[in-house]
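Overview (structure and organization)
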Amino acid sequence: MAALSNRPLLSTSADRSLVVERSAELDVVEDAARRALNVLLVGEPGSGATTTLHQLLRRLPREHACYPRFVNAATLDSAEDLLHESLGELVPGMAVVGGASAYARFARFAEAPSDVVVLVDNAPLSLLLDAFGRHRDEMWQVPVPWVVTCHQQDHATLAASPAADFFDVVIELGPLTDVQAASLLRRRTTKDELSGHALRIAVDSANGNPRALVRAARRIVLEGVDPDDLQRASYLRRELARSLSRPAAMLLDELVERGPSSASDVGLQAATGWTRSRLVQVFNELERAGAVSSEEHSDGRSGRPRKVFRSRY
């Protein structure tokens with residue numbers, strides 16, 4: 001059941017039929033790329049930012065003389081890492097600059113072809129601050145536009161840094177409308193799998209978040225969860241979220257999506273952009289609010305057991 005998978009939709013013919021495009025946002029990004037402007041795509045986890053970048057991979061070469069290069073920046077640490085990963089093979093003589101000064105190493109990227117658009121996904125906040133804040137002036141000398149995704153929870157920090165001036169256009173990926181959400185689920189399921197009643201409940205429970213929509217459909221179709229039970233759990237979670245901080249509410253949603261997790265979960269750290277210590281703080285808030293239960297898990301080796309948290313909803 002690939003249509004109910006968590007994975008982002010790619011720029012392939014097979015995935016194209018499953019996509020509900022954010023046409024307005026894509027049009028703005030295309031126009032910005034044509035004008036060599038830098039774009040920041042801001043969204044909650046699961047809002048479809050990665051899928052949006054993959055749609056640009058398909059649309060940009062067709063609509064404009066722009067050649068996009070997609071970079072998964074999750075494991076990159078610095079502005080130089082990002083430049084080498086995205087443009088290194090396009091810049092002549094990159095192999096001979098190892099001993100050059102920092103200025104020379106950055107300046108060489110000014111030779112990059114100007115018809116390239118770099119699409120950057122999953123960059124940790126530290127990389128965004130280094131590349132587009134600390135080294136903003138050097139990055140301005142690179143003659144390519146950048147389209148960069150950013151977690152909603154990181155946007156305030158980025159906006160308060162020198163990186164705010166680097167991005168000419170900021171686009172917030174808001175929730176899908178009910179019509180878009182229903183269309184997404186109809187593309188991914190059949191009437192036999194998801195009745196009209198179940199579809200309405202899935203749409204209502206997801207608040208327009210594409211990942212949450214697919215999760216709700218998967219629970220009904222594959223796990224056999226009663227739609228009415230799903231609706232009750234969603235209602236209780238929303239009511240509880242009113243008393244939680246925004247980070248705690250976001251982590252609770254992530255926990256519902258992922259299942260039992262710990263602060264040491266590398267995937268959870270990458271998805272939230274938080275360190276282990278930050279996750280411990282937010283998990284403690286959820287535990288105090290009664291939103292999660294926890295238990296100690298040991299891997300059988302020496303060392304401190306992990307505290308694993310599970311959503312009560």
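The paragraphs below set out a description of the structure included in this document. Note that the structure is a prediction, hence the values are computed from the model and not measured. (Residues numbered from 1 in each chain as written. Predicted model: local features only at pLDDT ≥ 70, side-chain atom pairs only at ≥ 80, totals over all residues. Heavy atoms only, no water.)

Some words on the overall build of the chain
Under the convention used in this document: Only DSSP runs of H or I with at least four residues qualify as helices, and only runs of E with at least two residues qualify as strands; both kinds are numbered from the N terminus onward. For every residue, the accessible area (1.4 Å probe, protein chains only) is compared with the maximum for its type, and the residue is labelled buried under 20%, exposed over 50%, or partly exposed between those bounds. Any two residues having at least one pair of non-hydrogen atoms within 4.5 Å are treated as being in contact.
Along the chain, the regular secondary structure elements total 15 helices and eight strands. Counting over 313 residues, the chain shows a buried share of 47%. Considering only intrachain contacts with a sequence separation of at least 6, the fraction spanning at least 24 residues in the chain is 70%.

Examining the nonpolar core
Formally: In this description, a nonpolar core means a group of buried Ala, Val, Leu, Ile, Met, Phe, Trp, Tyr and Cys residues linked to one another through side-chain atoms lying within 4.5 Å.
Residues Leu 82, Leu 87, Phe 132 and Trp 146 are the most contacted members of the largest nonpolar core, which totals 32 residues. Among the elements of the structure, β1 (39-43), α4 (79-87), β3 (116-121), α6 (125-134) and β4 (146-151) are those that each provide at least two residues to this core. In this structure, Leu 87 is in contact with Phe 109, Ala 112, Val 116, Val 118, Val 142, Val 144 and Trp 146, ignoring residues within four places of it in sequence. Leu 4, Leu 176, Leu 184 and Leu 199 belong to the second-largest nonpolar core, a separate cluster that totals 22 residues.

Topic: the side chain of Arg 136
To keep it simple, the criterion reads: Any pair of N or O atoms that falls within 3.5 Å is considered a polar contact. Within protein, one atom must be able to donate a hydrogen and the other to accept it, and sequence-neighbouring residues count only if both atoms are side-chain atoms.
Checked against the element boundaries, Arg 136 lands in helix α7 (residues 136-140). For Arg 136, a relative accessible area of 19% translates into the label buried. Of the polar contacts made by the side chain of Arg 136, one reaches the side chain of Asp 165; its length is 3.3 Å. What Arg 136 contacts, discounting residues up to four positions off in sequence, is Ala 131, Pro 162, Asp 165 and Phe 166.

What to know about the sheet that holds β1
Definition in use: One bridge is not enough; two strands pair if DSSP finds at least two bridges between them. The axes used here are C-alpha line fits, helices contributing only the stretch in contact, and every angle between their N-to-C directions lies in the interval 0 to 180 degrees.
Taken together, five strands build an open sheet; the order of strands is β2-β3-β4-β1-β5 and the sheet is parallel. At either end of the open sheet lies a strand with only one pairing partner, and these are β2 (67-72) and β5 (169-172). Averaged over all adjacent pairs, the angle separating strand axes in this sheet is 20°, with direction ignored. Sheet topology places β1 next to β4; five bridges connect them, and they run parallel. Paired with Val 39 across the bridge in β4 is Val 147. This element, helix α2 (residues 23-34), spans β1, β3, β4 and β5 of the sheet and lies at about 165° to β5.

Things to note about the packing of aromatic side chains
What counts is decided by this rule: Pairing of aromatic rings covers Phe, Tyr and Trp, the last counted by its six-membered ring, and requires centre-to-centre distances within 6.5 Å; plane angles under 30 degrees mean stacked, over 60 mean edge-to-face, and any other angle means tilted. Only lysine NZ and arginine CZ atoms are considered, and such an atom sits over a ring when it is within 6 Å of the ring centre and within 35 degrees of the ring normal.
Throughout the structure, instances matching the rule amount to six aromatic pairs. Between Phe 132 and Phe 166, the ring centres sit 4.9 Å apart and the planes meet at 40°, which makes this aromatic pair tilted. Placement of the pair is Phe 132 in helix α6 and Phe 166 in the loop between α8 (152-159) and β5, with a sequence separation of 34 residues. Just as Phe 132 is buried, Phe 166 falls in that class too. A cation over a ring is seen here: Arg 278 above Trp 274, with NZ or CZ 5.5 Å from the ring centre.

So far we have only geometry, and geometry alone does not tell us how the molecule works.
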